[in-house]
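# Structural characterization, general
Spelled out from the first residue to the last, the chains are:
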Amino acid sequence: MSFHLHKFPLSSRSQLLEKLVQEFSASQESEEETKCVFSLRDLPGGATSLLLIAKFCYGVKFELTAAEVVSLRCAAEYLQMTEDYGEGNLISVTERFLDNVLRSWVDTIKALETCEAVLPLSEELHIISRCIDSLATKACADPTLSSLPMSCQSAAQSPTATALWNGIHSTSKPWPKTEDWWYEDVAILEFRLFKRLVLAVGSKGMPSDRIAGLVMFYAKRYLPLNGRQSSFPQRNPGSRIPVMSDADQRTLIEEIIRDLGKEDRAQLDEAVLQDLLIPNTGYSVETLYDIECVQRIVNHFLFVDREDDDSNFNSVVEEDQLADSSHSLTPMTMVANLLDNYLAEVAPDANLKLDKFLLLAATIPDYARPTDDGIYRAIDIYLKAHPWLTDSEREQLCRLMNCQKLSLEASSHAAQNERLPLRVIVQVLFFEQLRLRTSVAGWFFVSDNLENSQNLSGSIGQTEDPAIPVNSRGGQISTFNDMRERVSGLEKDCENMKHEIEKLVKTKGSWSNFCKRFGLRFKAKPFDLKSTMLPCNGEALQPSSKAVLDKKQDHGQRN
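Just so we're clear, the structure is a prediction, and the values are computed from it rather than from any experiment.

## Notes on the overall build of the protein chain
Check the secondary structure of the protein chain and you find 25 helices and two strands. A buried classification covers 37% of the 559 residues belonging to the protein chain. The contacts of the protein chain with a sequence gap of at least 6 include a subset with a gap of at least 24, amounting to 70%.

This is how it looks when you write it as structure tokens:
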């Protein structure tokens, strides 16, 4: 655009224009008055700014807005319109107006939006930093005590409600503000400015949950699941937020992760199941949820956890030592429970491949699971949803759990679970019997000590010690009776499990085939439940039933 202007009004206010006029005049051989022509292609704001500058130099009054002040301030700096070229020159005028703009939330947003077009001058003049600091201060203020408008959008649509009563217009009270009143306003900013605003509110002490809410709001505006906008509310027709392509959305996601996720990135132990249920939005959708994404999240958590352990201990730590360390055990155990619940949630998906399930389940180390009830539940659900698995695949899947770490309730369920391989069921029954045997031995040890103490006290003094309260002696007898009842109950459970093993052996084949299948190294002989228990380390465990009966008879005779 060409402007036909007088040289004196412009050169009297601008050092740059004065210099250009002098250089052009010096280059002319003739002293006759000629037209001075020069180009200002790098002028911030372009023709719009030059038009306002011309009006200012000619003394024409005009209305300056928040959307124009940044470009005009940068143009004045470019033309060097300082106080040396007239009092109240354009630099000082725009600076005073900019100070007034920064007092208003809405005007500051408008001014900050225009800063991108006049870079790098807007950065060098600290206009961007001043706008961001102003917005951050207002965002961190208590919304209930602030007189700022609730948002630019609400101010433009319905700032206040107007009522008509008896021909007189009155204004009703504005809507109350919430903590997220400013999310929609700053969501229109370009990501570079948005990132600086997030860092600014964080440095001013804004809680992390509010910052996370702001980032989520911004992401939902620009990242509608890679083009799947139908599942989100449609934008307003007059919205200033552009629709981004899939490539731009991917770039934005990477920038958010890279620039806004530098602190506290290993907080998987604070997540809940719903946080991991990420829909699979890829073009080749195989599973309902994004299993690979969760795999990467867990791997990153384990990597950061190992780095923390190395920095804290400054040495290589063995797995059993890590198990004894409360520093690593607590968050790792929470992640293990979270992952087991996630596996149980995704296990019913018929498209979930076995290798993906195994890879994700095996990511967590064994010491992180105090009990294996969670992983057993996930395995059982997967077996139920995938009945076509071969025997070898079922065996491979069941290796994920440790039968010794199952609770009593889980063991009882697994012993009757027809979906499990026979080897696993036998292992569960064996360890359960071993657990019951240990419990029975422990109860008898306690009962023997109690009885010996009673006999010892009876031999020392034939008369009853008056110092021992009657209630105490009655409590000892009651405790002994309770122990006998619990031992009896354990015996019944043990017998029931023996019958279960007998049924399994009869169903699956002879005992010799049973031994060959599971690689037992002792001489095969008829499986007699009355004389033999399941082998452990090549030795036959003798049943405790006869010992239990002898103990009970002996106690009966002594009583």
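## Focus on the packing of helix H19 (residues 373-385) against helix H21 (residues 408-415)
Taken N-terminus to C-terminus, the directions of H19 and H21 make an angle of 25°; their axes are 10 Å apart at the nearest point. In terms of orientation, H19 and H21 fall into the roughly parallel class. Crossing handedness for the pair H19 and H21: left-handed. Only Ala410, His413 and Ala414 of H21 make contact with H19, whose side of the interface consists of Asp373, Tyr376 and Asp380. Split into classes, the residues belonging to the contact of H19 with H21 amount to three nonpolar, one polar and two charged.

## Some remarks on the side chain of Arg394
If you trace the backbone, Arg394 turns up in helix H20 (residues 391-398). Although Arg394 lies buried, it forms no salt bridge, and the closest oppositely charged side chain, Asp391, sits 4.8 Å away as judged by the N-O distance.

## Structural notes on the packing of helix H8 (residues 127-140) against helix H11 (residues 191-203)
Where H8 contacts H11, the axes come no closer than 9 Å and their chain directions differ by 50°. On the basis of their axis angle, the class for H8 and H11 is oblique. Here the hand of the crossing between H8 and H11 comes out right-handed. Note on element contacts: H11 touches H8 through Arg192, Leu193, Arg196, Leu197, Ala200 and Val201, opposite Ile128, Ser129, Ile132, Leu135, Ala136, Ala139 and Cys140. A class-by-class count of the residues in the contact of H8 with H11 yields ten nonpolar, one polar and two charged.

## Structural notes on helix H4 (residues 66-78)
The first and last C-alpha atoms of H4 sit 19 Å apart over 13 residues, in line with the 18 Å expected at 1.5 Å per residue. Regarding H4, the residues found buried are Ala66, Val69, Val70, Ser71, Leu72, Arg73, Cys74, Ala75 and Ala76. Contacts made by the buried residues of H4 are with helix H3 (46-57), helix H5 (90-101), helix H6 (105-113), helix H7 (121-124) and H8. Trailing H4 by a residue or two, Gln80 shows a phi angle of about 60°, which is positive.

## Comments concerning the pattern of salt bridges
What the rule picks out here adds up to 17 salt bridges. For Arg250, the salt bridge goes to Glu254, with nearest N and O atoms at 3.4 Å. Note that Arg250 and Glu254 are positioned in helix H13 (residues 246-260) at a spacing of four residues, about one turn of the helix. Judged by its relative accessible area of 40%, Glu254 is partly exposed. A salt bridge links Lys405 to Asp366, with the shortest nitrogen-to-oxygen separation between them at 3.6 Å. Placement of Lys405 in the loop between H20 and H21 and of Asp366 in the loop between helix H18 (354-361) and H19 is noted, with a sequence separation of 39 residues between them. A relative accessible area of 16% means that Lys405 is categorised as buried. Beyond isolated ion pairs, a larger network of salt bridges with shared partners links Arg73, Glu77, Glu95, Asp99 and Arg130.

## Observations concerning the layout of surface pockets
Where empty space is left in the structure can be found by rolling a water-sized probe over the atoms. Empty space within the second largest pocket amounts to approximately 820 Å³. What lines the second largest pocket is a set of 24 residues, and nearest its centre among them are Phe3, His4, Cys36, Val37 and Phe38. A class-by-class count of the residues in the lining of the second largest pocket yields 13 nonpolar, seven polar and four charged.

## What about the packing of aromatic side chains?
Going through the model one piece at a time under the given rule, you end up with nine aromatic pairs. Considering the side-chain rings of Phe194 and Tyr218, the 3.8 Å spacing of their centres and the 15° angle between planes classify their relative orientation as stacked. Taken together, the positions of Phe194 in helix H11 and Tyr218 in helix H12 (residues 208-222) put the pair 24 residues apart, joining distant regions of the chain. Owing to a relative accessible area of 0%, Phe194 belongs among the buried residues under this scheme. Centroid distance Tyr218 to Tyr222: 4.7 Å. Interplanar angle 40°. Geometry classified as tilted. One end of the pair, Tyr218, and the other, Tyr222, are both in helix H12, four residues apart, so they sit about a helical turn from each other. The pair formed by Tyr218 and Tyr222 is uniform in burial state, with each residue classed as buried.

Cut-offs used in this document
- Residues numbered from 1 in each chain as written.
- Predicted model: local features only at pLDDT ≥ 70, side-chain atom pairs only at ≥ 80, totals over all residues.
- Heavy atoms only, no water.
- Helix = DSSP H or I, 4+ residues; strand = E, 2+ residues; numbered from the N terminus.
- Buried < 20%, exposed > 50% of the residue type's maximum accessible area, 1.4 Å probe, protein only.
- Contact = heavy atoms within 4.5 Å.
- Axes fitted to C-alpha atoms, helices over the stretch in contact; angles between N-to-C directions.
- Parallel < 35°, antiparallel > 145°, perpendicular 65-115°, else oblique.
- Left-handed = near helix turned anticlockwise from the far one by under 90°.
- Nonpolar A, V, L, I, M, F, W, Y, C, P; charged D, E, K, R; others polar.
- Lys, Arg positive; Asp, Glu negative; His and termini not counted.
- Salt bridge = Lys/Arg side-chain N within 4 Å of Asp/Glu carboxyl O.
- Expected span 1.5 Å × (residues − 1).
- 1 Å grid on protein atoms, 1.4 Å probe; cavity = no way out; pocket = protein on both sides within 12 Å on 5 of 7 lines; lining within 4 Å.
- Points joined across faces, edges and corners; volume = space filled by probe spheres on them.
- Phe/Tyr/Trp six-rings, centres within 6.5 Å; stacked < 30°, edge-to-face > 60°.

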